[in-house]
Amino acid sequence: MQKIDIELIPGGASPPPIRVGGATIEESAIAQEMQFHPADSAGTAQLKAARALVVRELLCQRAADLGLLEASGEALDEGDAAIAALLEKELDVPEPSEEDCRRFHAAHAERFSEPTRLKVRHLLLPAAPDDAEARDAGYRQGEALLKELSTIPERFTEFAIRHSACPSKEQGGELGWLAPGQTVPELDRALQHLPEGLHDRPLASRYGWHLVAIDERVEGRELPYEQVAERVRHSLREQSTRRALRHYLLMLESEIGVEGVTLDDDSANSLMQ
């Protein structure tokens, strides 16, 4: 299915009315829903909110048609219960076979691997990304501190307490054991390639410069299928559910009728989260 992006307020004009069957999605409801759909712009958040409300209205109208929900005036909890009952009744999600699971694991073993773990200490010298002077000064300070640490590494705790702008300074810069994704992305990427020991250059992030020491490194490893079989099955079941839900919503969109906005491949996400 092709994804279609639609601007709800083109050129600053009033948005077209959004209707689902005989019901209208009010602008005030979209504005209230936007808080649950953070995005990089107000227009994108508005579009996501509108689609989420359209999905809910489609499902509620279908539930009402089947006698699972009163056609109007339902409480939020009652509507959620009716939608859950509706999807349980009408959504056809095939259970993945053992062969499917083993094949998926073989093709995506890295997704089910034990990640590399690092025991890390760091010291943060703060500098905003757009402050060239502060970043230059911070880098030079970092080089000077590393020069001292190269001869007296046991002073790392002292330096962290004295110079670091990170709350970890209270623990002498100790971050404990880190797995991928547990720190700021640009630092996270660099850490994955570092050997044990004090790194000889300051590492940049959006927060400034980091002096980093890797105290221990435990390499990740692929896990056998038997250890992750339930995770694999859950992943395949979730994929099947998303696919079935997308097709179901398209069918409801066609049967009930939607005006003012078009559903896309991501429209089912609000129900899966």
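Residues numbered from 1 in each chain as written. Predicted model: local features only at pLDDT ≥ 70, side-chain atom pairs only at ≥ 80, totals over all residues. Heavy atoms only, no water.

With that settled, the discussion passes to helix H8 (residues 225-256). Along an α-helix, residues three or four positions apart point the same way, because every turn accommodates 3.6 residues. Between its terminal C-alpha atoms H8 stretches 44 Å, which fits the 46 Å expected from 32 residues at 1.5 Å a residue. Where H8 bends most, the angle comes to about 35°, and this point is Arg-231. Following H8 by one or two positions, Gly-257 adopts a phi angle in the positive range, close to 95°. (Helix = DSSP H or I, 4+ residues; strand = E, 2+ residues; numbered from the N terminus. Expected span 1.5 Å × (residues − 1). Bend = angle between axes of the 7 residues up to and from the residue.)

Let's shift gears to helix H4 (residues 98-107). Where H4 is concerned, the buried positions are Cys-101, Phe-104 and His-105. The buried residues of H4 occupy one face: seen down the axis, they fall within an arc of 100°. When the buried face of H4 is taken as reference, the exposed residues oriented beyond 90 degrees from it are Glu-99, Ala-106 and Ala-107. On its buried side, H4 packs onto H8. (Buried < 20%, exposed > 50% of the residue type's maximum accessible area, 1.4 Å probe, protein only. Arc of directions from axis to C-beta. Contact = heavy atoms within 4.5 Å.)

This part covers the packing of aromatic side chains. Applying the stated criterion across every chain yields a total of two aromatic pairs. On the basis of an interplanar angle of 70° and a centroid distance of 4.8 Å, the ring pair of Tyr-139 and Trp-209 is categorised as edge-to-face. With Tyr-139 in helix H5 (residues 132-151) and Trp-209 in strand S7 (residues 208-218), this residue pair connects regions lying 70 residues apart in the sequence. Note that Arg-117 overlies the ring of Trp-177, its terminal NZ or CZ placed 4.6 Å from the centroid. (Phe/Tyr/Trp six-rings, centres within 6.5 Å; stacked < 30°, edge-to-face > 60°. Lys NZ or Arg CZ within 6 Å of the ring centre and 35° of its normal.)

The next point concerns the sheet that holds strand S8 (residues 258-259). A sheet is described by the order of its strands in space; here three strands give the open sequence S2-S1-S8, paired in antiparallel fashion. Because the sheet does not close on itself, it has two edges, and the strands there are strand S2 (23-25) and S8. As defined by bridge partners, strand S1 (residues 18-20) adjoins S8 across two bridges and the pair is classed as antiparallel. Each bridged residue has a counterpart across the sheet, and for Val-20 the counterpart in S8 is Val-258. Across the sheet, helix H2 (residues 42-65) touches S1, S2 and S8, and the angle it forms with S1 is around 20°. (Pairing = 2+ DSSP bridges. Axes fitted to C-alpha atoms, helices over the stretch in contact; angles between N-to-C directions.)

The next subject is the nonpolar core. Among the nonpolar cores identified, the biggest contains 28 residues, and Ile-18, Ile-25, Ile-30, Val-54, Leu-58, Leu-59 and Tyr-248 are the most heavily contacted of them. Looking at this core, the elements with two or more residues in it are S1, H2, helix H3 (76-90) and H8. The greatest single-element share of this core, amounting to ten residues, is contributed by H2. Setting aside chain neighbours within four positions, we find Leu-58 in contact with Val-20, Leu-249, Leu-252, Glu-253, Ile-256, Val-258 and Leu-263. (Core = buried A, V, L, I, M, F, W, Y, C linked by side-chain atoms within 4.5 Å.)

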